[in-house]
Amino acid sequence: EAQVTQNPRYLITVTGKKLTVTCSQNMNHEYMSWYRQDPGLGLRQIYYSMNVEVTDKGDVPEGYKVSRKEKRNFPLILESPSPNQTSLYFCASSLSGSYNEQFFGPGTRLTVL
Amino acid sequence: AQSVAQPEDQVNVAEGNPLTVKCTYSVSGNPYLFWYVQYPNRGLQFLLKYITGDNLVKGSYGFEAEFNKSQTSFHLKKPSALVSDSALYFCAVRYMDTGRRALTFGSGTRLQVQP
């Protein structure tokens, strides 16, 4: 089944404790992206990747890192999480570029205490 | 900067009536426009997109949207609403003419269809 998977689905952590949210797709998509969803703000793009080893900032990249060493994986790294990063995070992928239909993962709900 | 606005936080409509969810975008070059839907506790699902060509775009689940360049709008429509259409709807834009490849989403509109 074609899908985007994220792990973990739920995470509660404390300020400053490094964490990684994994994202994997099995559709051989070139484009992958991370978003955060906050009430009243919709989805905001954190980072995106056009292909392996090619990443770029979205609208809200501060406090996040990404890497794209393999085509299928696009982990999101929070080196020192803070409470304002409490949010619902979505990973998405598309065949090539943001002008194609994006397939979204199920989401990761992160709480930073 | 590219931006998109969804002026209504919530739209209420009776089942069987036509529905419209509004979206406007900022004027700056030629846009790619999208609609996505989010059901409770799920990720977003693609509904339809406008790239170029016919201004009326047909998508999944009987939805359609009309691109109106003069009004910079891309409203989502359906002739007859179903209770199962109740969900959160997002409009998104990306501009063709710039090097910026990021996709910008609106704040979302909650559609409530009453039986």
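All figures in this text were calculated on a predicted structure; none of them were measured in a lab.

Undergrad: If you had to explain the overall build of chain B to someone new, which residues and values would you point to?
TA: The number of helices and strands found in chain B is 0 helices and 12 strands. In chain B, the succession of helices and strands from N to C terminus is β-β-β-β-β-β-β-β-β-β-β-β. Taken against the 2.2 N^0.38 rule, which gives 13 Å for 115 residues, the C-alpha radius of gyration of chain B at 14 Å falls within 12% of a compact globule. In terms of overall dimensions, chain B has C-alpha extents of about 45 × 30 × 20 Å along its principal axes. Out of the 115 residues in chain B, the part that is buried amounts to 50%. A separation of at least 24 residues holds for 58% of the contacts in chain B among residues at least 6 apart in sequence. Approximately 5300 Å² of chain B is accessible, and the part contributed by carbon and sulfur atoms is 47%.

Undergrad: Now, about the side chain of D38 of chain A: what can you tell me, with residues and values included?
TA: All names here are of chain A. By secondary structure assignment, the location of D38 is in strand β4 (residues 31–38). Under the relative-accessibility criterion, D38 is labelled buried at 11%. Engagement of the side chain of D38 in a polar contact is seen with the side chain of S87, the distance being 2.8 Å. Not counting chain neighbours up to four residues away, the residues in contact with D38 comprise R44, T86 and S87.

Undergrad: Lay out the interface of chain A and chain B in plain terms, naming residues and giving numbers.
TA: Taken together, the 20 residues of chain A in the interface contact 21 residues of chain B. At the boundary of chain A and chain B, one finds 3 residue pairs in polar contact (both at pLDDT 80 or more). Elements with a minimum of two residues in the side of chain A that touches chain B: β4 and β5 (42–51) of chain A. A per-element tally of the side of chain A that touches chain B places β5 of chain A first, with 5 residues. Residue composition of the side of chain A that touches chain B, by class: 10 nonpolar, 8 polar and 2 charged.

Undergrad: Mind laying out the packing of aromatic side chains, listing which residues take part and the relevant values?
TA: Taken as a whole and judged by the stated rule, the model has 15 aromatic pairs over all chains. Judged by centre distance (5.9 Å) and plane angle (25°), the rings of Y31 of chain A and Y48 of chain A are stacked. Here Y31 of chain A is found in strand β4, whereas its partner Y48 of chain A is found in strand β5, with 17 residues between them in sequence. Between the aromatic rings of Y36 of chain B and F46 of chain B, the centroid separation amounts to 5.7 Å while the plane-to-plane angle is 75°, which identifies the pairing as edge-to-face. Note that Y36 of chain B is positioned in strand β5 (residues 31–38) and F46 of chain B in strand β6 (residues 44–50), a separation of 10 residues in sequence. Judged by relative accessible area, which is 0%, Y36 of chain B ranks as buried. Classification of F46 of chain B by relative accessible area gives buried; the value is 17%. Here the aromatic cluster, defined as three or more aromatic residues joined through ring pairs, consists of Y35, F90 and F104 of chain A together with F34, Y36, F46, F90 and F105 of chain B. In this structure, K78 of chain B is placed above the aromatic ring of F63 of chain B, and the distance from its NZ or CZ to the ring centre is 5.0 Å.

The rules behind each value
- Sequence order as written defines residue numbering, which begins from 1 separately in each chain.
- Whichever chain is written first becomes A and whichever ligand is written first becomes 1, with later ones labelled in order.
- Under the rules for a predicted model, residues below a pLDDT of 70 receive no local features and side-chain atom pairs below 80 are neither given nor counted, while totals for whole chains, interfaces and linings still include all residues.
- Each side-chain value is worked out from all heavy atoms of the structure, with water and hydrogens disregarded.
- Put simply, DSSP H or I for four residues or longer makes a helix, DSSP E for two residues or longer makes a strand, and each gets a number counted from the N terminus.
- Taken over C-alpha atoms, the radius of gyration is set against a globule rule of 2.2 Å times the number of residues to the power 0.38.
- Burial classification: accessible surface area is computed with a 1.4 Å probe over protein chains only, and a residue below 20% of its type maximum counts as buried, one above 50% as exposed, and the rest as partly exposed.
- Pairs of residues are marked as contacts when any of their non-hydrogen atoms sit within 4.5 Å.
- Every accessible area reported is derived by Shrake-Rupley at a probe size of 1.4 Å, with residue values counting cover from the shown protein chains alone.
- Two N or O atoms form a polar contact when they lie within 3.5 Å of each other; inside protein one atom must be a possible hydrogen donor and the other a possible acceptor, and for residues adjacent in sequence the pair counts only when both atoms belong to side chains.
- Polarity classes work like this: nonpolar for Ala, Val, Leu, Ile, Met, Phe, Trp, Tyr, Cys and Pro, charged for Asp, Glu, Lys and Arg, and polar for all others, with Gly in that last group.
- Each Phe, Tyr or Trp ring, with Trp reduced to its six-membered ring, pairs with another whose centre is within 6.5 Å; inter-plane angles below 30 degrees give stacked pairs, above 60 give edge-to-face pairs, and intermediate values give tilted ones.
- Only when the NZ of Lys or the CZ of Arg is both within 6 Å of the ring centre and within 35 degrees of the ring normal is a charge said to sit over the ring.

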